[in-house]
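Structural features, examined
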Number of protein chains: 2
Amino acid sequence: MSNQFQRIVLASRPSGEVTANNFRLETVPVPTIMDGQVLIRNHFLSLDPYMRVRMDDAKNYAAPQALNETMIGGTVGEIIASKNPQFQIGDKVIGMMGWAEIGVSDGTLLRKLDTTHIPLSAYLGAVGMPGMTAWYGFTQIMQAKEGETVVVSAASGAVGSVVGQLAKLRGCRAVGIAGGAEKCAYVVNELGFDACVDYKAANQAGNLAEQLAAATPNGIDAIFENVGGASFDACLLRVNPFGRIALCGMISGYDGGDMAIQNARMLLSMRVTLRGFIISEHLDFWPQGLKELGSLVAQGKLKFRESIAPNLATAPEAFIGLLKGKNLGKQLVRLIPE
Amino acid sequence: MSNQFQRIVLASRPSGEVTANNFRLETVPVPTIMDGQVLIRNHFLSLDPYMRVRMDDAKNYAAPQALNETMIGGTVGEIIASKNPQFQIGDKVIGMMGWAEIGVSDGTLLRKLDTTHIPLSAYLGAVGMPGMTAWYGFTQIMQAKEGETVVVSAASGAVGSVVGQLAKLRGCRAVGIAGGAEKCAYVVNELGFDACVDYKAANQAGNLAEQLAAATPNGIDAIFENVGGASFDACLLRVNPFGRIALCGMISGYDGGDMAIQNARMLLSMRVTLRGFIISEHLDFWPQGLKELGSLVAQGKLKFRESIAPNLATAPEAFIGLLKGKNLGKQLVRLIPE
């Protein structure tokens, strides 16, 4: 093994859209571990919309990403050196090692993974943070009952794809919103949603409201919102009394765009409960949720796809693509040769 | 007693602001009651912002007010004729007899009142629907703990005044938002709020955010929202993690104005729970809430004021004034000579 590795730091904060110049690829020496520490060779990095929020220096649920520090990020990898009796060389682990090929940890927040029935990368997706985000929002906030209609935006993504499949497993009508015919076909044909509205086509045709109405003939009982903006507002006009909204993201506004809720009147008139949440604050639910998600993936009942960028140098481009909806399924970065 | 009485019907739906022409005063014959019915001489009519919503023909929590029918409204009055063994002549009752001097009821939704310690009109205010709206939103949605900061808009109104006093009784910091120095003085000096922001003065000075920040040095933990619009958006920028919002009204938009939530981003980043509610759907809480409110009013611990229009003919003007914030405290209409 080389005694150097690559990492990506935040070089500057974006003003509006993220650009490749906001990042800087660095080659740095592999640290020497001390007693209690382990060295991890990361195999996959997870790219997630929340990272865009952290790049800003704004009031938020977490401190901003520091400049010139390794970009925050979830990773799965393998222990390659250990001075911590709880971890052996060869152990597969998940942690927050960031946009880097190598990580050092004292074991805190590092979790060993069983890859017998579940592929390592799935722990960054359907059986990881995105899956848990979907599971928590669906079971704890949307609380959708059999026969109810559930709408999820960014339906082909790592989170949305799980929400819709959980809804189908519980006997709901699952309706997705996604950008483009390919994504919608995937959502309906592979993931088994009942319908998917292509918001890009609908916006061009100027018939988003009509398409959504056709897909939700009985209105909408619960919304899992990842995007915000026009499609969220269109959903609000279809919401039934006592609707529930799991507010998970508003990616349409992360680059400085408008995040206003225009049809806020519906929150009142339909007596809606809306709750914003961050899955990392609900760790108490993880054992229960991950058990269910892991079981479903192992049985092939929970499907997922991955978009994998080939190496760390391509991570910025992949991340910018994620923010523009170019990925299908979970966006990962491969950190070891294939 | 005359064999005729006055009522006001909805003559036309408003386009934008309500005008006196949307109403029509009629003189109609007093009906003859049948077995099981009672005749009620109404003493006071309650005027409430929800009536404006019902005047529109829009998707909402209740059917629109029908044209040429008696305007909906809560009333307190006295039984003047009874063919129902549950009610005797002289009984004081509360019901939904509408904008009318006389009402007929089969006793359903009619409730006898004890005016020994509580004045009759208070059952339309602090010990009635507005009080219960405040009580439910405060205890069931805001769930504010001792030491937390609570903000309520339309703080001098029938609902807001109760919210702030309940907050003080529970050891919270209570901050009101109201229009004008007179209202703010009342809110602080008579109702005992810790502070009150005069949004009209603040808007003129262009320092609403600064004034709200000064009044809420520890941020805002819970919001009781009656108004919507700019002051609500200003509150959102001060909201603390896990803030709760009881969304009771958005009166600033009822005449067709903008009801958008501009700072919706805060709902996500601060993991806010927002819930729209209509108190009539939570009847199970009324006995508990009314008991507490009635006890507080009887003991003088819950203060209120009333703005009383002198007769039914002046109800439209009083209602239009209510929508423009001209009243202080509970807006009533007197239906019997003083």
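What you see as residue numbers is a count from 1 along each chain, following the sequence as written. Key to labels: chains lettered from A, ligands numbered from 1, both in the order written. Only residues with pLDDT of at least 70 are given local features in this predicted model, and only at 80 or more are side-chain atom pairs given and counted; all residues enter the totals for whole chains, interfaces and linings. Calculation of side-chain values draws on the structure's entire complement of heavy atoms; hydrogens and water are dropped beforehand.

What follows is about helix 9 (residues 286-298) of chain A. Residue and element names in this part refer to chain A. Here helix 9 contains 13 residues, and its C-alpha end-to-end distance of 17 Å stays within 8% of the 18 Å for a straight helix at 1.5 Å per residue. Buried within helix 9 we find Trp286, Gly289, Leu290, Leu293, Gly294, Leu296 and Val297. Each buried residue of helix 9 lies within a common arc of 165 degrees when the element is viewed along its axis, so the set occupies one face. When the buried face of helix 9 is taken as reference, the exposed residues oriented beyond 90 degrees from it are Pro287 and Lys291. For this analysis, residues touch if any pair of their heavy atoms sits within 4.5 Å. Counting from the N terminus, the helices are DSSP H or I runs at least four residues long and the strands are E runs at least two residues long. For helix 9, the elements touching its buried residues are strand 7 (111-112), helix 2 (129-142) and helix 3 (160-169). Multiplying one less than the number of residues by 1.5 Å gives the expected span of a helix. Only protein chains enter the accessibility calculation, which uses a 1.4 Å probe; a residue whose area is less than 20% of its type maximum is buried, one above 50% is exposed, and one in between is partly exposed. It is the directions from the helix axis to the C-beta atoms that the arc portrays.

This next bit is on the pattern of salt bridges. Only one rule defines a salt bridge in this text: a Lys or Arg side-chain nitrogen within 4 Å of an Asp or Glu carboxyl oxygen. Going through the model one piece at a time under the given rule, you end up with 30 salt bridges over all chains. Here Arg244 of chain A ties to Glu148 of chain A by a salt bridge, and the two come within 2.5 Å at their closest N and O atoms. Linking Arg244 of chain A in strand 12 (residues 239-247) with Glu148 of chain A in the loop between helix 2 and strand 8 (149-153), this pair joins segments that are 96 residues apart in sequence. Accessibility assignment for this pair places Arg244 of chain A and Glu148 of chain A in one class, buried. Salt-bridge contacts for Lys324 of chain B lead to Glu17 of chain B; the nearest nitrogen and oxygen are separated by 3.5 Å. Of this pair, Lys324 of chain B sits in the loop between helix 10 (315-323) and strand 15 (330-334) while Glu17 of chain B is found in the loop between strand 1 (4-10) and strand 2 (23-29), placing the two residues 307 residues apart along the sequence.

Before going further, it helps to spend a moment on the domain arrangement of chain A. A common way to state how big an interface is: give the accessible area lost once the parts meet. Residue and element names in this part refer to chain A. Its domain assignment divides chain A into domain 1 (4-124 + 305-334) and domain 2 (129-280). If you average the C-alpha positions of domain 1 and of domain 2, the two centres end up 28 Å apart. Facing 21 residues of domain 1, the contacting portion of domain 2 comprises 13 residues. One can count 1 salt bridge joining domain 1 with domain 2. Ionic pairing is found between Arg305 and Glu190, a salt bridge with its closest N-O pair at 2.1 Å. The definition of a polar contact used here is a pair of N or O atoms within 3.5 Å, where within protein one atom must be able to donate a hydrogen and the other to accept one, and adjacent residues in sequence count solely through side-chain atom pairs. On inspection of domain 1 and its partner domain 2, the count reaches 6 residue pairs in polar contact (both at pLDDT 80 or more). The source of the domain bounds is an automatic or database domain assignment.

Glancing now at the sheet that holds strand 12 (residues 239-247) of chain B. Strand order in the open sheet formed by 12 strands is 10(A)-9(A)-8(A)-11(A)-12(A)-13(A)-13(B)-12(B)-11(B)-8(B)-9(B)-10(B), with mixed pairing between adjacent strands. With partners counted over all chains shown, the strands left at the sheet margins are strand 10 (195-198) of chain A together with strand 10 (195-198) of chain B, one partner each. Neighbour-to-neighbour, the strand axes of this sheet turn through a mean angle of 15 degrees, independent of strand direction. Note: two strands are recorded as paired if DSSP finds a minimum of 2 bridges between them. Examined bridge by bridge, strand 11 (residues 220-225) of chain A and strand 12 of chain A share 5 bridges and lie parallel to one another. Each bridged residue has a counterpart across the sheet, and for Glu225 of chain A the counterpart in strand 12 of chain A is Leu247 of chain A. Along the sheet, helix 6 (residues 208-215) of chain B contacts strand 9 (173-178), strand 10 and strand 11 (220-225) of chain B; its crossing angle with strand 10 of chain B, the most-contacted strand, is approximately 175 degrees. The axes are straight lines fitted to the C-alpha atoms, using for helices just the contacting stretch, and the angles between their N-to-C directions are given from 0 to 180°.

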